[in-house]
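Given next are the chains, with one letter for each unit.
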Amino acid sequence: MHILIAGLHAPHAPRLQSLLGPEHRVEGIPAFADTGEIAADVVVCNQINPQQAARLRCRLLQVPGAGWEQIACEALPAGLPVSNVHGHEVPIAEFTLHAVLEHQLQLWKYPARLDAQAWAEVYKARPQHDEAWGKTLVLVGFGHIGQEIARRARAFGMRVVAVTRSGRAATEGPAVGLADETVAVAELASVLPRAQALVLCCPLDDSTRGLIGARQLALMPPGALLVNVARAEVVDEEALYHALTGGQLGRAALDVWYSYPKAGQTPAPPSRWPLHELPNVRGTPHISAITPALLERRYAFIAHNTMRVAQGLEPENVIYRSR
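All values derive from a computational prediction rather than experimental measurement.

## A closer look at the sheet that holds strand S12 (residues 225-228)
One open sheet accounts for seven strands, arranged S10-S9-S8-S11-S12-S13-S14; its pairing is parallel. Of all strands in the sheet, those with a lone pairing partner are strand S10 (181-184) and strand S14 (281-283), marking the two edges. Recorded for the sheet is a direction-independent mean angle of 15° between the axes of neighbouring strands. Two elements, strand S8 (residues 136-140) and strand S9 (residues 159-164), share five bridges in a ladder whose sense is parallel. The partner of valine 138 across the bridge, within S9, is valine 161. Along the sheet, helix H3 (residues 89-105) makes contact with S8, strand S11 (197-200), S12, strand S13 (251-254) and S14, crossing S12 at roughly 160°. Against the sheet, helix H5 (residues 144-155) contacts S8, S9 and S11, and its axis sits at roughly 175° relative to S8.

This is the structure:
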């Protein structure tokens, strides 16, 4: 079996090679060639444009993450399955709850130094902070990531509202009992006035692009927190900036951005609006999922799926099959 890993994930080719063994050949490349067939048994990549998709000659296109909006599925050769990988939900849920707790505890208000000289004044002027208990957390998206966030939020005594496509509460499976309330995306406006923390963990597609705009942000209560671990474009960029600078939104934790650096591009601003410069924004460089344990889970699954293809079995986690 020939496995081709392209792009940002190419440095992990040795990891996958060690999992598959010497009878398989894992090749990491920084980018696809501009012309010719892209041929391998399995191609591992999270970004395929239409021109590249048409040149694919493989048995499985394996996305090394959960999101697959950057795959030009409509241009893929007929019958090609596309699979994704889960396992990101644990670190993303921890990242999200950290953002929620940081917002409530407001540790930035406290002195960086506590010594004998400052102690009396610092003690007298110490500010109050808030608590997560009893607050309402609205989750837009209730898949693997949303459910994992809900488990942790409930442990802190938060009220969880799940916003899903159907609006139907789970009656079986791991999501049962995780949400106190479930509403459809069409009813999002009805729960935003209670959203002391709004967490976006949904896929990006035509139905979610720009889902959160000026009108939705204006409905949120004063001092509310927005956490985006989905894709930046779920939130209107300009509306978010004005909500944060105008006092409509208390704080935002943003791990996903509107522009990502390309080869040779310096400087590369993460947004057309200086969101990353605002004092009430915690900006991180798309790190919420990346832990050593995540990488172990990710490549163990990719190795497993590759072996299924080698054995003539149907790959798991198929999210799309071209016609």
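Next comes the rest of the account.
## Details of a nonpolar patch on the surface
A contiguous nonpolar surface patch, about 360 Å² in accessible area, is contributed by Leu114, Trp119 and Tyr123. Looking at the secondary structure, you find tyrosine 123 in helix H4 (residues 116-124).

## Considerations on the packing of helix H1 (residues 13-20) against helix H9 (residues 292-310)
Running from N to C, H1 and H9 cross one another at 55°; their axes reach a closest spacing of 9 Å. As summarised for this structure, H1 and H9 are arranged oblique, according to the angle between their axes. As for the relative orientation of H1 and H9, their crossing is right-handed in sense. Side by side, H1 and H9 meet where Arg15, Leu16, Leu19 and Leu20 of the first sit next to Leu295, Glu296, Tyr299, Ala300, Ile302, Ala303, Thr306 and Met307 of the second. Per-class residue counts for the contact of H1 with H9 are nine nonpolar, one polar and two charged.

## With respect to the pairing of strand S1 (residues 2-6)
Of all five residues making up S1, five are buried, and the element is well covered by its neighbours. With burial as the criterion, each face of S1 is covered, one bearing His2, Leu4 and Ala6 and the other bearing Ile3 and Ile5. Bridge count for S1 against strand S2 (residues 25-29) is five bridges, and the pairing is parallel. Within S2, the residue paired with isoleucine 3 across the bridge is valine 26. Between the parallel pair S1 and S2, the chain is carried across by H1, and the sense of this crossover is right-handed.

## Quick look at the nonpolar core
Residues Leu198, Leu200, Ile212, Leu249 and Leu275 are the most contacted members of the largest nonpolar core, which totals 37 residues. Residue contributions to this core peak at five residues, all from helix H8 (residues 237-245). Every residue in contact with leucine 275, bar those within four places of it in the chain, is listed here: Leu240, Tyr241, Leu244, Leu254, Trp257, Tyr258 and Val281. Membership of the second largest hydrophobic core comes to 27 residues, among which are Leu139, Ala162, Cys201 and Leu225.

Calculation rules
Residues numbered from 1 in each chain as written. Predicted model: local features only at pLDDT ≥ 70, side-chain atom pairs only at ≥ 80, totals over all residues. Heavy atoms only, no water. Pairing = 2+ DSSP bridges. Helix = DSSP H or I, 4+ residues; strand = E, 2+ residues; numbered from the N terminus. Axes fitted to C-alpha atoms, helices over the stretch in contact; angles between N-to-C directions. Contact = heavy atoms within 4.5 Å. Patch = residues over 30% accessible without salt bridge, like charges linked within 9 Å, V, L, I, M, F, W, Y side chains within 5 Å. Areas by Shrake-Rupley, 256 points an atom, 1.4 Å probe, with all protein chains shown as cover. Salt bridge = Lys/Arg side-chain N within 4 Å of Asp/Glu carboxyl O. Parallel < 35°, antiparallel > 145°, perpendicular 65-115°, else oblique. Left-handed = near helix turned anticlockwise from the far one by under 90°. Nonpolar A, V, L, I, M, F, W, Y, C, P; charged D, E, K, R; others polar. Buried < 20%, exposed > 50% of the residue type's maximum accessible area, 1.4 Å probe, protein only. Right-handed = clockwise from strand over helix to strand, strands pointing away. Core = buried A, V, L, I, M, F, W, Y, C linked by side-chain atoms within 4.5 Å.

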